[in-house]
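One-letter residues, chain by chain:
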Amino acid sequence: MSSPDPQVRAARNLTEPSPASTSEEKRPRGRRNRGPVIAVTGAATGIGELLTAHLAASDEVKQVIAIDERRGEVSEATWHILDVRDPAIAEKLRGADVVVHLALDLDLETDPAARTAYNVRGTQTVLTAAAAAGVHRVVLCTSAMVYGALADNDVPLSEDAELRATAEATGVGDLLEIERLGRRAPRAHPGLNVTVVRPTVLVGGTDTALTRYFESPRLLVVAGSRPTWQFCHVEDLVTALEYAALEKIDGEFAVGCDGWLEQDEVEELSGVRRMELPSAVALGAAARLHRIGLTPSPAGDLAYTMHPWVVSVSRLHDAGWRPKWTNEAVLGALLEEVEGRHTVAGRRLGRKDATAAGAAGATVALLGAAAVVRRARKARRRI
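In this numbering scheme, every chain counts its residues from 1 along its sequence in written order. Local features in a predicted model are, by the rule used here, given only for residues with pLDDT of at least 70; side-chain atom pairs are given and counted only at 80 or more, and totals for whole chains, interfaces and linings are based on all residues. With hydrogens and water stripped out, all remaining heavy atoms of the structure feed into the side-chain values.

Structural notes on the overall build of the protein chain
Right, on to step 1. What the protein chain contains, in helices and strands, is 13 helices and 15 strands.
Right, on to step 2. Burial here depends on accessible area, computed with a 1.4 Å probe over protein chains only, as a share of the maximum for the residue type. Under 20% is buried, over 50% is exposed, and the range in between is partly exposed. The buried share of the protein chain, reckoned over its 383 residues, is 52%.
Right, on to step 3. Roughly 16,900 Å² of accessible area belongs to the protein chain as shown, and the carbon and sulfur atoms make up 50% of that amount. Helical segments are the DSSP runs of H or I of at least four residues, strand segments are the runs of E of at least two, and each set is numbered from the N terminus. All accessible areas in this document rest on Shrake-Rupley with a 1.4 Å probe, and a residue is counted as covered only by the protein chains that are shown.

The following block contains the structure:
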């Protein structure tokens, strides 16, 4: 789970790190004799980097083991440089009490088959290696998207609601498989506890189909749908992961802001007007554009902007956790973050395209994309 370096560094509050002279560096932390030893995969970037820095600064943590394919900038951690799919990771996890697995590729631009191979094999390897190394808890981070976005969803959904998502949206098939592996692991490895954290729409240096929705010159609304929005700032996700790593909560739980925003509230707060299209037109166009490679987002992503999938966060509340961010504040942060970016149908536009889209509106941009589809079809017929 990654995010651009500028946002990550802005969120961190660390002293200047010293450079590493080798691929693996161990730093003793004698001042802390209590607390768990926590390993973090994907520790060099994104949420993994933020969590590693946060845990390294905590007096409740004895030691942080950081694992990634390159060394990160948290000098207080003990670094091991390797791919999480490498079985040798078991040796690097020896002595750890808890593993927080964040080495996931959810990049919109990654080849889907390669992304699935990395995410599923990596999770499987980490779970097996953790059990072999004597680790007693693994924390997995998926998404509240696994509940599915459906017209008949309760608002809010209970955290123990059935997972009704399908593999039609970006990365959701991977997340469902990761959860399946997490449920199976304690049966295959008695004594291993698996905790699953499901953030809502994640904001704070992230790039997803849902954050790109707010880069459009008009907010696409499918006629007859009922969009609802529940955000999660990365800072709140980090503290929720800390709760799980310190065993203040277990099982499967959601993390996000309290409550939710209706589409009308989002439009009023953002000042961005809607563009309403019939369902058949919106879904058909999205499917065609993705099929010929013009957009990275499959049509399944649209469901999460059409139907409710907000979730109760009562389990974290019962454990004493509270979000620092509100939905309104996270939306404001997201709008600041995407300012200057222009996306239509999930595709980032160049400067010339962005100028045209801003002047003519998203409808013209979509019609232009449809024209490209028609031209591509004609070209294929001539071959």
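After that view, the rundown keeps rolling.
Brief notes about the environment of Asn 153
Right, on to step 1. Assignment of secondary structure puts Asn 153 in the loop between β5 (137–141) and α5 (172–188).
Right, on to step 2. We classify Asn 153 as buried; its relative accessible area is 8%.
Right, on to step 3. In this structure the C-alpha to C-alpha distance between Asn 153 and Arg 164, which are eleven residues apart in sequence, comes to 9.7 Å.
Right, on to step 4. When neighbours within four sequence positions are excluded, Asn 153 is seen to be in contact with Gly 148, Arg 164, Pro 308 and Trp 309. We call two residues in contact when some of their heavy atoms are within 4.5 Å.

Some points on helix α8 (residues 263–270)
Since the α-helix advances by 3.6 residues per turn, residues separated by three or four positions end up pointing in the same direction.
Right, on to step 1. Within α8, the full set of buried residues consists of Gln 263, Val 266, Glu 267 and Ser 270. Taken end-on, α8 shows its buried residues confined to a sector of 95 degrees, consistent with a single buried face. α8 presents Asp 264 and Glu 268 as exposed residues on the side facing more than 90 degrees away from its buried surface.
Right, on to step 2. Directly after α8, the chain includes Gly 271, whose backbone phi takes a positive value near 75 degrees. Along the arc lie the directions from the helix axis toward the C-beta atoms.

Overview of the pairing of strand β1 (residues 37–41)
Right, on to step 1. Counted residue by residue, β1 has five buried out of five residues, so it is predominantly covered.
Right, on to step 2. Of the two faces of β1, the one holding Val 37, Ala 39 and Thr 41 and the one holding Ile 38 and Val 40 are both buried throughout.
Right, on to step 3. One ladder, built from five bridges, connects β1 with strand β2 (residues 63–68); its direction is parallel. Bridge pairing links Thr 41 to Ile 67 in β2.
Right, on to step 4. We call a crossover right-handed when, viewed with the strands running away from us, the connection from the first strand over the helix to the second turns clockwise. Handedness of the β-α-β unit built from β1, helix α2 (residues 46–56) and β2 comes out right-handed.
Right, on to step 5. As judged from the four bridges shared by β1 and strand β4 (residues 98–101), these two strands associate in the parallel manner. Bridging from a neighbouring strand, Ala 39 pairs with Val 99 of β4. For two strands to be treated as a pair, DSSP must find no fewer than two bridges joining them.

Focus: the packing of helix α4 (residues 112–132) against α5
Right, on to step 1. Direction vectors running N to C along α4 and α5 enclose 15 degrees, while the axes themselves pass 10 Å from each other. Comparing their axes, α5 and α4 come out roughly parallel. The handedness of the crossing between α4 and α5 is right-handed. Each of Arg 115, Thr 116, Asn 119, Val 120, Thr 123, Gln 124 and Leu 127 in α4 lies in contact with α5, whose residues at this interface are Asp 174, Glu 177, Ile 178, Leu 181, Gly 182, Arg 184 and Ala 185.
Right, on to step 2. Side-chain classes follow a simple rule in which Ala, Val, Leu, Ile, Met, Phe, Trp, Tyr, Cys and Pro form the nonpolar group, Asp, Glu, Lys and Arg form the charged group, and the remainder, Gly included, forms the polar group. Partitioned by chemical class, the residues of the contact of α4 with α5 number five nonpolar, five polar and four charged. Axis lines are fitted to C-alpha atoms, over the contacting stretch for helices. Their N-to-C directions set the angle, which ranges from 0 to 180 degrees. Working rule for angles: under 35 degrees goes down as roughly parallel, over 145 as roughly antiparallel, 65 to 115 as roughly perpendicular, anything else as oblique. If you view the pair so one helix is near and one far, a crossing is left-handed when the near helix is turned anticlockwise from the far one by less than a right angle, and right-handed when it is turned clockwise.

Here we look at the side chain of Thr 123
Right, on to step 1. Mapped onto the fold, Thr 123 is located in helix α4.
Right, on to step 2. Residues adjacent in sequence count toward polar contacts only when both atoms are side-chain atoms; beyond that, a polar contact is any pair of N or O atoms within 3.5 Å, and within protein one must be able to donate a hydrogen and the other to accept it. Within the local environment of Thr 123, its side chain forms a polar contact with the side chain of His 101, the two groups lying 3.2 Å apart.

Quick notes on the sheet that holds β1
Right, on to step 1. Reading across from one edge, β3-β2-β1-β4-β5-β6-β11 is the order of the seven strands in this open sheet, with parallel pairing throughout. Strand pairing shows two members of the sheet lacking a second neighbour, β3 (78–81) and β11 (252–255), which therefore form its edges. Ignoring which end each strand starts from, the neighbouring axes of this sheet average 20 degrees apart.
Right, on to step 2. As paired strands, β4 and β5 are joined by four bridges and run parallel to one another. Bridge assignment links His 101 to a residue of β5, and that residue is Leu 140.
Right, on to step 3. Taken strand by strand, α2 contacts β1, β2 and β4, and its axis lies near 165 degrees from that of β1.
Right, on to step 4. Where α5 meets the sheet, its contacts fall on β5, β6 (193–199) and β11, and the angle it forms with β6 comes to roughly 160 degrees.

Looking at the packing of aromatic side chains
Right, on to step 1. Only the six-membered ring of Trp is used, alongside the rings of Phe and Tyr, when aromatic pairs are assigned; centres must lie within 6.5 Å, and planes under 30 degrees apart are stacked while those over 60 apart are edge-to-face, with the rest tilted. Within the structure shown, the criterion is met by six aromatic pairs.
Right, on to step 2. Cluster of aromatic residues (ring-pair linked, three or more members): Tyr 213, Phe 214, Trp 229 and Phe 231.
Right, on to step 3. A cation sits over an aromatic face here: Lys 248 above Tyr 243, 4.9 Å from the ring centre. Whether a charge sits over a ring comes down to the Lys NZ or Arg CZ being within 6 Å of the ring centre and within 35 degrees of the ring normal.

Brief notes about the confidence of the model for the protein chain
Right, on to step 1. pLDDT expresses how confident the predictor is about each individual residue, on a scale running from 0 to 100. A residue-level look at the protein chain finds 80% of positions with pLDDT of 70 or above and a mean pLDDT of 85.
Right, on to step 2. Confidence over residues 2–31 falls short of pLDDT 50; this stretch has 59 contacts with residues more than four positions distant or in other chains.
Right, on to step 3. Overall, residues 349–365 carries pLDDT values under 50, and its contacts beyond four positions in sequence, including any with other chains, amount to 16 contacts.

Considerations on the side chain of Asp 236
Right, on to step 1. For Asp 236, the position within the fold is in helix α7 (residues 234–245).
Right, on to step 2. We note that Asp 236 is buried and unpaired, the nearest opposite charge coming from Lys 324 at a distance of 6.6 Å.
Right, on to step 3. Among the polar contacts made by the side chain of Asp 236, one reaches the main-chain amide nitrogen of Trp 325 at a distance of 3.2 Å.
Right, on to step 4. Residues in contact with Asp 236, not counting those within four places in the same chain, are Val 255, Trp 321, Pro 323, Lys 324 and Trp 325. In this count, Lys and Arg are taken as positive residues and Asp and Glu as negative ones, while His and the chain termini are left out. Between Lys or Arg on one side and Asp or Glu on the other, a salt bridge is scored when a side-chain nitrogen of the former is within 4 Å of a carboxyl oxygen of the latter.

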